[in-house]
Every structure is written in C-alpha cells, then in structure tokens.
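Architecture and fold: a report
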Protein chains: 2
Amino acid sequence: MRIDGLTELIVHVGFPTHTFRSPLIYNPYFESIGANVVVVPMACRPEPYPVLLRSVFALDNVRGALITMPHKVRTVELLDVRSPAVEVAGACNAVRRLPDGRLEGDLFDGEGFVRGLTRKGVVLSGARALVVGCGGVGSAIAAALAAAGVADLVVSDVVPAAAQRLAERLQRHFSRTQARSGPADAIDRDLVVNATPLGMHEDDPLPLDISRLRPGTMVGDVVLHTDLTPLLRHAQARGCRVQVGADMLYEQIPAYLEFFGLPSTTPEHLRALSGLEPSVAAMHEEGV
Amino acid sequence: MRIDGLTELIVHVGFPTHTFRSPLIYNPYFESIGANVVVVPMACRPEPYPVLLRSVFALDNVRGALITMPHKVRTVELLDVRSPAVEVAGACNAVRRLPDGRLEGDLFDGEGFVRGLTRKGVVLSGARALVVGCGGVGSAIAAALAAAGVADLVVSDVVPAAAQRLAERLQRHFSRTQARSGPADAIDRDLVVNATPLGMHEDDPLPLDISRLRPGTMVGDVVLHTDLTPLLRHAQARGCRVQVGADMLYEQIPAYLEFFGLPSTTPEHLRALSGLEPSVAAMHEEGV
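Residues numbered from 1 in each chain as written. Chains lettered and ligands numbered in written order. Predicted model: local features only at pLDDT ≥ 70, side-chain atom pairs only at ≥ 80, totals over all residues. Heavy atoms only, no water.

Our focus in this paragraph is the interface of chain A and chain B. Chain A puts 32 residues into the contact, and the matching count from chain B is 32 residues. Between chain A and chain B, roughly 2500 Å² of surface is buried when both sides are summed, and carbon and sulfur atoms account for 67% of that area. In this structure, Asp60 of chain B and Arg45 of chain A form a salt bridge, with 2.6 Å as the shortest nitrogen-oxygen distance. The interface formed by chain A and chain B holds 11 residue pairs in polar contact (both at pLDDT 80 or more) in total. Secondary structure elements with two or more residues in the side of chain A that touches chain B: α1 (22-33), β2 (37-43) and α2 (49-56) of chain A. In terms of residues, the side of chain A that touches chain B owes the most to one element, β2 of chain A, which gives 6 residues. Among the residues making up the side of chain A that touches chain B, the classes are represented as 21 nonpolar, 7 polar and 4 charged. (Contact = heavy atoms within 4.5 Å. Buried area = accessible area lost by both parts, 1.4 Å probe. Salt bridge = Lys/Arg side-chain N within 4 Å of Asp/Glu carboxyl O. Polar contact = N/O pair within 3.5 Å; in protein donor to acceptor, adjacent residues only side chain to side chain. Helix = DSSP H or I, 4+ residues; strand = E, 2+ residues; numbered from the N terminus. Nonpolar A, V, L, I, M, F, W, Y, C, P; charged D, E, K, R; others polar.)

What follows is the structure, encoded as structure tokens:
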C-alpha cells in the first residue's frame, strides 16, 4: 500500500473504531488491483458527525464513506438522495457524492442477504417470503427482497404495530410486491428469514414454529453464530436449505465496491486477500 | 503499512494535492518504527477549509494536520494558540489539538533553516544576522533566528515598510533580540540569509552586495536550485560557509514529528527510507 498525493479516501466513520475490520479487508484488495484508494478510520462521536460528514464530502479526493454505529440512523436526514432500502429501513451504511455534489446513501445489509441467496441458486422473483423481526436488519432484508422481485412478503414482529408500519413502507416503495404484516407462519413460504436476535444463545426460544416448515423452503438467519443456529439445524433436519448469518456480511462487500464505482470481486477473494480469520464475531462487532 | 481501527491520522490538507510528497516521506518511517499512524492527503478547496479543519480535529483519531497552499495564511485565524513564529510570519503549516481541545498551530520553515545551521555547527546565540526578503519565508526565518538567540538581527526588503513591520513584530515577540530594519549590508554579520526569490534564474541580480561579505560569514539561501545559487557560489569563493535551500525543507520534518508527539529521527534517515530522489523541485512544489 502506497499513499501519495493522488490517493483517494474512503472514510469509515463510527465510534468507537477499534473493532473496525474494513481497512484490513478493502486495502489489501485495492493494493492487489492497483487502485489508488485507501480506507481510513474516522473516530467520530455523535455531536460533530453531521458537520463532519458534509465536510469530508467537500474534499475532492473522498470517494465515499462507510457508516457504522452510532451514525447509521442519523445519516438518513443528512442525505440528499436515499435509496428505497434507506427509506424503508430508516438507516444508511454507505454514502457517495453524485457528480452534482448531492450526497446519496444506500444500505447494503439486505442486499448482502439477497446476494447470498442468489449465489445459492435461490430464485426470488415471484417467490413468497416471510421475514420475522422488523427492526433495522429485518427492514433492510424485507426491502432487498421486495427489490429482488419477491411477490408475496409477510413481515412479522412481536410488536405487531412495528410489522404493520414496515408493511406500509414496503407497499409505498415497492408496488410490485404484496407486502403485509402477519403471524410468523412458514407453511406456504419459499423463503423464511429470522431477523430477530433469537438464536444467539442456545436456550433462546425458536423465532417461529418449525413444524410449519416444508422441505425445500430456504431458511436464512441473520444471527452470527460460530455454528448453525438452532433454527437452521432444525430447518436442515426438515429438508430445508439454509443460509448462515455471516453470508449476509461477506456478500455486502462487493456491493459497497460497486456503489463506490470500484472494480468488484467475490467475497471469497476478499477474505483470502485480507488474511483475516473468518471471525464471525469480529465482523459482527464491526457492523460492516 | 497496515491500517486498522486503531490507526491515527495526520491529514495533509491543501489544494491541489498531486505534488504532495509527505505521505511518501512519513509513512515508510512510521511503518519502520511500528507507529500506527498514517499521513493521508485531503484535497480541500478554500471555501470549505475552515469548517473542515475544525471537523477533522473533532475526530478522536486525528493526531495532527500538515497545512500547505492555499491554506497557510487562512489557518492563523482558525487557531486558538499560535506560536511566535506563526504570529510573526502570519502563516501556519502544522496544527495539533491540545488536551483541552484547543487547536495550536506552528510554522516550521524557519525552524528547519535553523536546524540546518545548528547541525553545521553554527552558533546562533549572540550572533549578528541579516535576513534579506521579508515575505513569508523571510519572516519565518527571522522569527526562528530570534527564537534561537540571535542578538542583533537586521531585516531588509525592497519594500522598506515591509521590513519595518517585520522588525516591529520581532521586537514584540522576542524582546531579547535587537531587531531592526535596514539595508542589505553583510559587512559585520555572522550570518546572512537570502529569503528573496533572487537566484532562481541564473541571470537574476544578486540579492546583496557580495563585496561586503567577510570570510567566515555563514550564508544561507532559501532558493531551491539543483546546484548552488550564484549567491552561494560567490560566497564560497570569498571563504564563506553556505547552506542550500533544500536543507531548510528536509530539516523541518523532524520538527513536525516532535510537534505531533512522535519519535523523531534525522532528515537523512527519512530520505533514505522514502526512497525518493532528493528532487528539490518536487519538494518545493509540495511546500512541505
């Protein structure tokens, strides 16, 4: 890695920064392709953040920003252009400057989840899906599923009003998807997603009634676990295909590269170049 | 060079940035001593600069800023604490954050010049000096000479009022030095400095009457030239010792390291590590 006067910056803004892994993932890749771009951490507390974000994008050599805790929600109001995922989830984790100077934000959690499914051969166009858990990550995944053409999308939450509000936002932004709130019933679903924290601990209750899972249904989990979560183990036992939580994280990275206008590659290639242990816990802490 | 979540930044702010050499000089050194610090360029135009400077110092992991064209004069009014060199020269090329959050600025052009003299064995305490040229660099050198204990300091300029104002600023900040404006007469001087641009071109007039140079006087030049300037050639022929312009630039770098609270080293060590050609013209363009 060689930094000179022509080097462009991608700033990774959050607080605290000590768990950031993005410089270790992106920079070896940029070096390997001869891209004069470098990811640098910026440890920014909440109060100065709005002014900082605008300031760094006033620089000619800032190509983009990765946004993590605690700024993902605050960023939404600072944008000039918001992707549907940002609008639906109310959070943003990537910002770039448009040629006219406006700031555009996107959110790639759900996109990472969908890319993982697509690379496993899952066809989402026309599918029936259930997302259990309507917080930030559930909202992002629901938005990405709708964008990918899911025809019938049920969102479910222990707080029914949260599910209802998410369904309304989905209907507003994705008219081609039938989105509604409802119970966490897997019976007629092609895809079932756990977007709740249930499964982080072995003795958590299951997020849905697994007796309603049919063989062939794809079951995805966002919970980062060193092994399969109880839900995924049950799903496999019932003849379902599964996607683990870490896939969502690693699959996001090429989406960021594309967003920043850089040559992309596979998640596996990035993992190999970084030399990082595929430590799921570390990725989780980072919140990439 | 490995950037991670704990990496501290020294931002090099200027516009344009393409001639910046500082990342190529500092970063190999930081890597060699295991300091988790990196110099990154920030291409900042004049209008957003004041807000940017405050914003970057709101970040917890920014250790300092190197300031170059076109921001060196503007920075002065943005500081909370100014060194005498900044006050006298009206310019600033390095900023750091004090523990209480205030921004402190310094200017190391003159300091670099003085360090070069000291390493050549020149004793400045009690000396009589002449500085010809009272612009930014002449003012900075005059301030550094006064800080180093020069007893009698004549400053001279083709615009006598400029010399008069500089003498007044020197008197205000350095009461132990007798500072006055006057003609560019080298006759009784231990040290003579050319801080005018005269000598950049072979057919420039000499900045002072060399017939008044006594053997043993130290003659320094700020003009960056691939070889000795005509003034320095004449001075050598008359038995004077000389200091070339590039010495001022390279000698500054350890001063910046100390200002930023980092382990320091010699200019020669930094040059060797960087692998840069000692291209005087490139250093000049950068304005380090």
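After a rotation of 180 degrees and a shift along the axis of 0.0 Å, chain A superposes on chain B with an RMSD of 0.0 Å. On this basis, the relationship between the two copies can be described by a two-fold rotation axis. Looking at the rotation axis and the C-alpha trace of chain A, the residue lying nearest is Met1 of chain A, at 3.2 Å. Taken as a fraction of all interface residues of chain A, those also at the interface in chain B reach 100%, which identifies the copy contact as same-surface. (Least-squares fit on C-alpha atoms with pLDDT ≥ 70 in both.)

Residue and element names in this part refer to chain A. The strand order across the open sheet formed by 6 strands is β9-β8-β7-β10-β11-β12, and the pairing between neighbours is parallel. In this open sheet, the two strands that pair with only one neighbour each are β9 (178-181) and β12 (241-243). Taken over all neighbouring pairs, the strand axes of this sheet differ in orientation by 15 degrees on average, direction set aside. Sheet topology note: the strand β8 (residues 152-156)/β9 ladder contains 4 bridges and is parallel. Bridge pairing in β9 places Leu153 opposite Ala179. Against the sheet, helix α7 (residues 230-237) engages β10 (191-194), β11 (218-221) and β12, with an angle of about 170 degrees to β11. (Pairing = 2+ DSSP bridges. Axes fitted to C-alpha atoms, helices over the stretch in contact; angles between N-to-C directions.)

Next up on the list: helix α6 (residues 160-173) of chain B. All names here are of chain B. For α6, spanning 14 residues, the distance from its first C-alpha to its last is 20 Å, which sits close to the expected 20 Å at 1.5 Å a residue. For α6, the set of buried residues is Ala162, Ala163, Leu166, Ala167 and Leu170. Projected down its long axis, α6 shows its buried positions confined to an angular sector of 135 degrees, all on one face. Tucked inside the fold, the buried residues of α6 contact α3 (84-89), α5 (136-147), β8 (152-156) and β9 (178-181). (Expected span 1.5 Å × (residues − 1). Buried < 20%, exposed > 50% of the residue type's maximum accessible area, 1.4 Å probe, protein only. Arc of directions from axis to C-beta.)

The next subject is the pattern of salt bridges. The tally for this structure, following the rule as stated, stands at 38 salt bridges over all chains. Close ionic contact of Lys120 of chain A with Asp247 of chain A constitutes a salt bridge, the shortest N to O distance being 2.7 Å. Of this pair, Lys120 of chain A sits in the loop between α4 (109-119) and β7 (128-132) while Asp247 of chain A sits in helix α8 (residues 245-259), placing them 127 residues apart in sequence. Lys120 of chain A gets classed as partly exposed once you look at its relative accessible area, which sits at 35%. A salt bridge links Arg128 of chain B to Asp190 of chain B, with the nearest nitrogen and oxygen atoms 3.3 Å apart. Within this pair, whereas Arg128 of chain B is found in strand β7 (residues 128-132), its partner Asp190 of chain B is found in the loop between β9 and β10 (191-194), the two being separated by 62 residues in sequence. Counted as one network, the salt bridges with shared partners bring together Asp152, Arg180, Asp188 and Arg189 of chain A.

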